[in-house]
Amino acid sequence: MNKVVKNPALALAGITDGMTLMVGGFGLCGIPENSIAQLVQMGVKNLTCISNNAGVDDFGLGLLLQGKQVKKMISSYVGENDEFERQMLSGELEVDLIPQGSLAERCRAGGAGIPAFFTPAGYGTEVAEGKEVRMFNGKPHILESALTADYAIVKAWKGDTEGNLIYKATARNFNPMMAMAGKITIAEVEELVPAGTLDPNQIHTPGIFVQRIFKGEKFEKRIEQRTVRPKN
Amino acid sequence: MALDKNGIAKRIAQELQDGWYVNLGIGIPTLVANYIPEGIEVEFQSENGVLGMGPFPFDGEEDPDLINAGKQTITTRDGASFFDSATSFAMIRGQHVQLTVLGAMEVSQNGDIANWKIPGKMVKGMGGAMDLVASAENIIVAMMHSNKAGESKILKACTLPLTGVGCVKKVVTELAVMEIKEGKFYLLERAPGVSVDEIIAKTEGDLVVPDIVPEMNLN
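Residues numbered from 1 in each chain as written. Chains lettered and ligands numbered in written order. Predicted model: local features only at pLDDT ≥ 70, side-chain atom pairs only at ≥ 80, totals over all residues. Heavy atoms only, no water.

Caption draft 1: Broad picture of the overall build of chain B. The number of helices and strands found in chain B is five helices and 13 strands. Its C-alpha atoms give chain B principal-axis dimensions of roughly 50 × 40 × 30 Å. A buried classification covers 55% of the 219 residues belonging to chain B. Restricting to contacts in chain B with at least 6 residues of sequence separation, those with at least 24 account for 60%. Just so you have it, chain B exposes about 9,100 Å², and 49% of that area is on carbon and sulfur atoms. Side-chain charges in chain B split into 18 positive and 29 negative, and the spacing between the mean points of these groups amounts to 7 Å. (Helix = DSSP H or I, 4+ residues; strand = E, 2+ residues; numbered from the N terminus. Buried < 20%, exposed > 50% of the residue type's maximum accessible area, 1.4 Å probe, protein only. Contact = heavy atoms within 4.5 Å. Areas by Shrake-Rupley, 256 points an atom, 1.4 Å probe, with all protein chains shown as cover. Lys, Arg positive; Asp, Glu negative; His and termini not counted. Charge placed at Lys NZ, Arg CZ, Asp CG, Glu CD.)

Take a look at the structure:
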């Protein structure tokens, strides 16, 4: 099954105002840069974005915030972004903050057909407000529901024409769960190869979870906190 | 004299045990990796998806695809592995990580911790902190004893929105090492040259003080 589309415009066709999108990445690591640029160009608005972070002012999902394209962010951590802060404090932007592990598991559950699960994370905090509490092994847990999205947009290192994906290092992060939880999942990859080229033993995301795949034209891969030690 | 951040990290590093998997939070906890006692092997987990973190890369060798949860560029050691965020928190929730070290704005004598939100100020989010404190068997908090206004952060009850309840077992500050049990702080050690009276004065929560409080040994 050939899932290859030629460019981001074809890959993202069908995304319209008001949709819910999952966007992979942790900080600026492993984000689908080319797809985000395409979303800016399309000008779709009132989006609900499920993504661990919200980018920085001039990169990543920060670009969508600049254009006021996002109505609601569902994330675990949203610092490092002045425009985000302004929109949140003025009430223009709705923000739902979720513990990071719960966010990952809610995406996984959404893709795995599990409607909800109990977790100890957030019990006794404001995250637990309005949620069912149940004791397991003498410990309180809260009920968290699955998340799905109209479109999930992920970034991988290598992909093949069948949509099989391999991620690199910590650029994997939320991408595999989000790939599972999209009604339509779009993968942008650095290297796109014919089916049969990648070793099936090494595949992280099987192609069944991916509907469209394209090769990103360029990847800036901006580093948020460049931290080095001197050579001597 | 009160410890500096490195001193706190050095004292916490003494708690490490051979063979442990350890998650270090942002700030002082990150410094713990610099003081691993000799003869002890531990592996550091970062919740964005890596086990076996090594030192920061040499200038010019940084890889944008390889970062820690603080978004800093890192390296890996031999035997390292990468995984997705759900697997990462399975390690944490499933209690496969033996020790979590994290910072705090406040802790209370029943082990509650607050470290993610100050109402009325910009809220950045809890990241992985709530998952970490809810599940870790062994949590050490690295923090300063008082805030900039001189008010104690070692409290009877937290005033800020909570990150987790009844989860902190040990606190290391610039002044003292304290254990939390049975709803009280127990003073275990004091920083070199710091008096018990100073610690008592700067602790708002109930503090149990034994007859002899040894000085920390940081050598």
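And the narrative resumes.
Caption draft 2: Main features of the packing of aromatic side chains. Under the definition given, this model contains one aromatic pair over all chains. A cation over an aromatic ring shows up here: Arg229(A) above the ring of Phe58(B), its NZ or CZ 4.0 Å from the ring centre. (Phe/Tyr/Trp six-rings, centres within 6.5 Å; stacked < 30°, edge-to-face > 60°. Lys NZ or Arg CZ within 6 Å of the ring centre and 35° of its normal.)

Caption draft 3: Just the pairing of strand E7 (residues 139-145) of chain A, in detail. All names here are of chain A. In this structure, strand E5 (residues 116-119) lies alongside E7, joined through four bridges in antiparallel fashion. Counterpart to alanine 116 in the pairing with E7 is serine 145. Of the pairings in the sheet, the one linking strand E6 (residues 133-136) to E7 comprises four bridges and is antiparallel in character. Bridge pairing in E7 links valine 133 to isoleucine 142. Taking the residues that link successive antiparallel strands as the turn, the E6-E7 hairpin has two residues, and the phi of asparagine 137 there is positive, at about 50 degrees. (Pairing = 2+ DSSP bridges.)

Caption draft 4: Main features of the interface of chain A and chain B. Across the contact, 52 residues belong to chain A and 47 residues belong to chain B. With both chains or domains summed, chain A and chain B bury close to 4,200 Å², and 61% of this area falls on carbon and sulfur atoms. Linking chain A with chain B are six salt bridges. For the pair chain A and chain B, the number of links is 26 residue pairs in polar contact (both at pLDDT 80 or more). (Buried area = accessible area lost by both parts, 1.4 Å probe. Salt bridge = Lys/Arg side-chain N within 4 Å of Asp/Glu carboxyl O. Polar contact = N/O pair within 3.5 Å; in protein donor to acceptor, adjacent residues only side chain to side chain.)

Caption draft 5: View of the sheet that holds E5(A). Residue and element names in this part refer to chain A. Read across the open sheet, the three strands follow the order E5-E7-E6; overall the sheet is antiparallel. On the outer flanks of this sheet lie E5 and E6, each paired with one strand and no other. In this sheet, neighbouring strand axes are inclined to one another by 40 degrees on average, regardless of whether the strands run parallel or antiparallel. Running over the sheet, helix H5 (residues 100-112) touches E5 and E7 and is turned about 155 degrees from E5. (Axes fitted to C-alpha atoms, helices over the stretch in contact; angles between N-to-C directions.)

Caption draft 6: Quick look at the pattern of salt bridges. Tallying each qualifying case throughout the model produces 24 salt bridges over all chains. For Glu105(A), the salt bridge is made with Arg108(A), and the minimal N-O distance between the two is 3.1 Å. Of this pair, Glu105(A) and Arg108(A) both sit in helix H5, separated by three residues, roughly a single helical turn. Note on Glu105(A): relative accessible area 16%, which makes it buried. Judged by relative accessible area, which is 29%, Arg108(A) ranks as partly exposed. Two residues, Glu189(B) and Arg11(B), come together in a salt bridge whose shortest N-O distance is 2.9 Å. Placement of Glu189(B) in strand E12 (residues 184-190) and of Arg11(B) in helix H1 (residues 5-13) is noted, with a sequence separation of 178 residues between them.

Caption draft 7: Quick look at a nonpolar patch on the surface. On the surface, Tyr123(A), Val133(A) and Val165(B) cluster together into a nonpolar patch covering about 200 Å² of accessible area. Mapped onto the secondary structure, Val165(B) falls in the loop between strand E9 (154-155) and strand E10 (170-172). Its relative accessible area of 30% is what places Val165(B) among the partly exposed residues. (Patch = residues over 30% accessible without salt bridge, like charges linked within 9 Å, V, L, I, M, F, W, Y side chains within 5 Å.)

Caption draft 8: View of the environment of Ile180(B). Residue and element names in this part refer to chain B. One can find isoleucine 180 in strand E11 (residues 176-181). Separated by 68 residues in sequence, isoleucine 180 and aspartate 112 place their C-alpha atoms 10.0 Å apart. In this structure, isoleucine 180 is in contact with Ser108, Gln109, Asn110, Gly111, Val168, Lys169, Val171 and Phe185, ignoring residues within four places of it in sequence.

Caption draft 9: Structural context of unusual backbone geometry. Residue and element names in this part refer to chain B. Backbone geometry at lysine 71 places phi at a positive 70 degrees, although glycine is not the residue there. Following the sequence through the fold, lysine 71 ends up in the loop between strand E3 (50-53) and strand E4 (76-82). Judged by relative accessible area, lysine 71 falls into the buried class, the value being 7%. In the Ramachandran plot, glutamine 95 falls in the positive-phi region, its phi being about 60 degrees despite a non-glycine side chain.

Caption draft 10: Spatial organisation of the sheet that holds E12(B). Residue and element names in this part refer to chain B. A sheet is described by the order of its strands in space; here ten strands give the open sequence E4-E3-E2-E1-E5-E8-E10-E11-E12-E13, paired in mixed fashion. Both outer strands of the open sheet, E4 and strand E13 (207-208), are each paired with one neighbouring strand and no more. Of the strand pairs in this sheet, E12 and E13 are connected by two bridges, and their pairing is parallel. Bridged to phenylalanine 185 within E13 is leucine 207. Here helix H3 (residues 85-93) sits on the sheet and contacts strand E1 (21-24), strand E2 (43-46) and E3; the angle it forms with E2, its principal contact strand, is near 125 degrees.

Caption draft 11: Representation of H5(A) in the model. All names here are of chain A. When the terminal C-alpha atoms of H5 are compared, their 18 Å separation across 13 residues agrees well with the 18 Å that a helix rising 1.5 Å per residue should span. Most of H5 is tucked away: ten of the 13 residues are buried. Taken together, the buried positions of H5 are Gln100, Gly101, Ser102, Leu103, Ala104, Glu105, Arg106, Cys107, Ala109 and Gly110. At the exit of H5 stands glycine 113, carrying a positive phi of roughly 75 degrees. (Expected span 1.5 Å × (residues − 1).)

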